[in-house]
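Chains, contacts and geometry: an overview
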Amino acid sequence: MTFKTQAYWLGHSAVKLISPNGTVIYIDPFLSQNPSTPEELKEVEKADYILLTHGHEDHVGDTIEIAKKTGAKVVGIVELMGLLGNEGLADDQSVAFNKGGTVHFDDFSVTMVSANHSSSFKGQYAGDPAGLILSFEDDICVYHMGDTNIFADLELYGELYDPHLVFAPIGDHFTMGPEEAAYAVEMIDPLYAVPIHYNTWPPIEADPAVFKDLLEELDIEARIPKIGENII
Ligand code: NI
Ligand code: MN
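Reading guide: rules and limits
- Residues numbered from 1 in each chain as written.
- Chains lettered and ligands numbered in written order.
- Predicted model: local features only at pLDDT ≥ 70, side-chain atom pairs only at ≥ 80, totals over all residues.
- Heavy atoms only, no water.
- Patch = residues over 30% accessible without salt bridge, like charges linked within 9 Å, V, L, I, M, F, W, Y side chains within 5 Å.
- Areas by Shrake-Rupley, 256 points an atom, 1.4 Å probe, with all protein chains shown as cover.
- Salt bridge = Lys/Arg side-chain N within 4 Å of Asp/Glu carboxyl O.
- Lys, Arg positive; Asp, Glu negative; His and termini not counted.
- Charge placed at Lys NZ, Arg CZ, Asp CG, Glu CD.
- Helix = DSSP H or I, 4+ residues; strand = E, 2+ residues; numbered from the N terminus.
- Buried < 20%, exposed > 50% of the residue type's maximum accessible area, 1.4 Å probe, protein only.
- 1 Å grid on protein atoms, 1.4 Å probe; cavity = no way out; pocket = protein on both sides within 12 Å on 5 of 7 lines; lining within 4 Å.
- Points joined across faces, edges and corners; volume = space filled by probe spheres on them.
- Nonpolar A, V, L, I, M, F, W, Y, C, P; charged D, E, K, R; others polar.
- Pairing = 2+ DSSP bridges.
- Donors = N, O, S within 2.8 Å, 3.2 Å for Na, K, Ca; no water.
- Tetrahedral: all angles 85-135°; square planar, octahedral: opposite > 155°, others 65-115°.

With respect to a negative patch on the surface
Residues Glu 155, Glu 159, Asp 162, Glu 186 and Asp 189 make up a contiguous surface patch of negative charge. Position of Asp 189 relative to the elements: it lies in the loop between helix H6 (178–188) and strand S14 (192–196). The partly exposed category is assigned to Asp 189, whose relative accessible area is 48%.

Below, the structure written as structure tokens:
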């Protein structure tokens, strides 16, 4: 199966998607301070949307700076968006929604689903953590799980949204590790799974081959991309 949407892993949980029409979407753009992100990918010239899974700094990252520079709309859970407003994010660049909700943009939509984790921003309550499911018109459905462990609702999300591509955290310590992540992905049952949120720092060292091998036994293809190369 070929898809017209492009998807790039930028290190840690940062993902860049480019729609068939050229809409540029960043998810969790932790770039300038991200030890995994190559220098040439730290600078953002164009962004139309920034989607956030939760308020932790390794996910919010450069959101405010990128939004100010590019005019991108920032999309996330209500409480986090309130806190980002206090940081100077303009009201007309802020899209606040909540779990179960879908927001529709020109050529894609995003649905917020649960993640089992915690969330805060600069020591303040930032709402619940979330996963994000993006649907590109007549093309791919991408599920970014955010930071999470395994939970039973994942099977429901698989049935409801039938994602083609899943980004799953595997680094252990703050999220699920590779074995748990493989079973979580099995519950969603996508075409492809990409491991994220590992090997950024010592506490989250993990072997993506463990994830890949377990998924292979379950007939799901894990792709372990080089940072900055198109995954699909
Ligand atoms: Ni987190
Ligand atoms: Mn994290």
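A closer look at the layout of surface pockets
Approximately 200 Å³ is the volume found for the largest pocket. In this structure, the largest pocket is lined by 14 residues; those nearest its centre are Glu 57, Val 60, Gly 61, Phe 121 and Lys 122. Of all the secondary-structure elements, those providing two or more residues to the lining of the largest pocket are helix H2 (57–60), helix H3 (63–70) and strand S9 (120–121). Examining the composition of the lining of the largest pocket, we find that 3 residues originate from one element, H3, more than from any other. Taken together, the residues that form the lining of the largest pocket break down as 3 nonpolar, 6 polar and 5 charged.

Structural notes on the pairing of strand S2 (residues 14–18)
Of all the 5 residues making up S2, 4 are buried; the element is thus mostly covered by neighbouring parts of the structure. Direction of pairing for strand S1 (residues 6–11) relative to S2: antiparallel, over a ladder of 5 bridges. Note that in S2 the partner of Tyr 8 across the bridge is Lys 16. What sits between S1 and S2 in their antiparallel hairpin is a turn of 2 residues, with His 12 showing a positive phi close to 55 degrees. Both S2 and strand S3 (residues 24–27) contribute to a ladder of 4 bridges, which runs antiparallel. In the sheet register, Leu 17 faces S3, and the bridge partner there is Ile 25. Counted between consecutive antiparallel strands, the loop separating S2 from S3 contains 5 residues, among which Gly 22 sits at a positive phi close to 95 degrees.

Quick look at the coordination of the manganese ion (ligand 2)
Donor atoms from the polypeptide that coordinate the manganese ion (ligand 2) comprise Asp 58 (OD), His 59 (NE2), Asp 147 (OD) and His 197 (NE2), at 2.1 to 2.3 Å from the metal. Of note, the manganese ion (ligand 2) draws all its donor residues from one chain, in the sequence arrangement D-H-x87-D-x49-H. Separating the manganese ion (ligand 2) from the nickel ion (ligand 1) is a distance of 3.2 Å, and Asp 147 supplies a donor atom to each of them.

Structural notes on the coordination of the nickel ion (ligand 1)
Protein-derived coordination of the nickel ion (ligand 1) comes from His 54 (NE2), His 56 (ND1), His 117 (NE2) and Asp 147 (OD), at a distance range of 2.2 to 2.3 Å. Every donor counted, the 4 donor atoms about the nickel ion (ligand 1) form angles of 88 to 177 degrees at the centre, which fits irregular coordination. Of note, the nickel ion (ligand 1) draws all its donor residues from one chain, in the sequence arrangement H-x1-H-x60-H-x29-D.

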